[in-house]
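The residues making up each chain are set out below.
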Amino acid sequence: MYLTYQEYAGMDGGVDAAAFARLDAKAEKLVDRATHGRLKGEEPVRDAVKNCVFELIGELCREEAAREMDGGRELASMSNDGLSLSFASQSAAGGASPRQMQILRQWLGDELSRGGVNLLYAGTDG
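(A) Region of the structure containing the packing of helix H2 (residues 17–35) against helix H4 (residues 98–108). Their axes nearest at 11 Å, the elements H2 and H4 cross at an angle of 65°. In terms of orientation, H2 lies roughly perpendicular with respect to H4. Considering the relative orientation of H2 and H4, their crossing is right-handed. Contacts between H2 and H4 pair Leu30, Val31, Ala34 and Thr35 from the former with Gln100, Leu104 and Leu108 from the latter. A per-class count over the contact of H2 with H4 returns five nonpolar, two polar and no charged.

(B) Geometry of the packing of aromatic side chains. In the structure shown here, the tally under the stated rule is four aromatic pairs. Taken together, a centroid distance of 5.3 Å and an interplanar angle of 65° make the contact between tyrosine 5 and phenylalanine 20 edge-to-face. Taken together, the residues tyrosine 5 in helix H1 (residues 5–10) and phenylalanine 20 in helix H2 connect sequence positions 15 residues apart. Here tyrosine 5 falls in the partly exposed class, since its relative accessible area comes to 27%. Judged by its relative accessible area of 3%, phenylalanine 20 falls in the buried class. With 5.1 Å between their ring centres and 40° between their planes, tyrosine 8 and phenylalanine 20 make a pair best called tilted. Of this pair, tyrosine 8 sits in helix H1 while phenylalanine 20 sits in helix H2, placing them 12 residues apart in sequence. Through a chain of ring-to-ring contacts, the aromatic side chains of Tyr5, Tyr8, Phe20 and Phe54 assemble into a single cluster.

(C) Spatial organisation of the nonpolar core. By size, the foremost hydrophobic cluster in this structure holds 24 residues, and its most contacted members are Val31, Val53, Leu56, Ile57 and Leu108. Here isoleucine 57 is in contact with Leu3, Tyr8, Val15, Phe20, Leu23, Asp24 and Ala27, once residues within four sequence places are set aside.

(D) Here's a closer look at the packing of helix H3 (residues 47–69) against H4. Following both chains from N to C, one finds H3 and H4 inclined at 170°, their axes separated by 9 Å at the closest point. Between H3 and H4, the crossing angle belongs to the class labelled roughly antiparallel. Crossing angle aside, the handedness with which H3 passes H4 is right-handed. Of the residues in H4, those in contact with Ala48, Val49, Asn51, Cys52, Glu55, Leu56, Glu59, Leu60 and Glu63 of H3 are Arg99, Gln100, Ile103, Leu104, Gln106, Trp107 and Leu108. A breakdown of the residues in the contact of H3 with H4 according to their chemical character gives nine nonpolar, three polar and four charged.

Rules used in this analysis
Residues numbered from 1 in each chain as written. Predicted model: local features only at pLDDT ≥ 70, side-chain atom pairs only at ≥ 80, totals over all residues. Heavy atoms only, no water. Axes fitted to C-alpha atoms, helices over the stretch in contact; angles between N-to-C directions. Helix = DSSP H or I, 4+ residues; strand = E, 2+ residues; numbered from the N terminus. Parallel < 35°, antiparallel > 145°, perpendicular 65-115°, else oblique. Left-handed = near helix turned anticlockwise from the far one by under 90°. Contact = heavy atoms within 4.5 Å. Nonpolar A, V, L, I, M, F, W, Y, C, P; charged D, E, K, R; others polar. Phe/Tyr/Trp six-rings, centres within 6.5 Å; stacked < 30°, edge-to-face > 60°. Buried < 20%, exposed > 50% of the residue type's maximum accessible area, 1.4 Å probe, protein only. Core = buried A, V, L, I, M, F, W, Y, C linked by side-chain atoms within 4.5 Å.

This is the structure we're talking about:
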């Protein structure tokens, strides 16, 4: 766990403990997938990781609310005259949304592993 509920609440997080547990688990998987597991077991947890998870939880919450309003589908675009709606297709691999990737890059893009490798680097650590 990268962020406890007490830390989340102290950062003015807006979801209750039950929702936090579920959303935190999703956010942790996103971080682990993006960093290729380079942060697993790292103690203490970096502030950048805590801030990233905090923002991911907020984004996951917003995305879930939007999907509920759109019948489970994410609205990708809409035009007015003639009413044209386009819905986003979900990644087959269960990848992060563009906004989630933006959050991951914002907080973790400049962070290095203990071995000096960029956390988001997708090649071999050599």
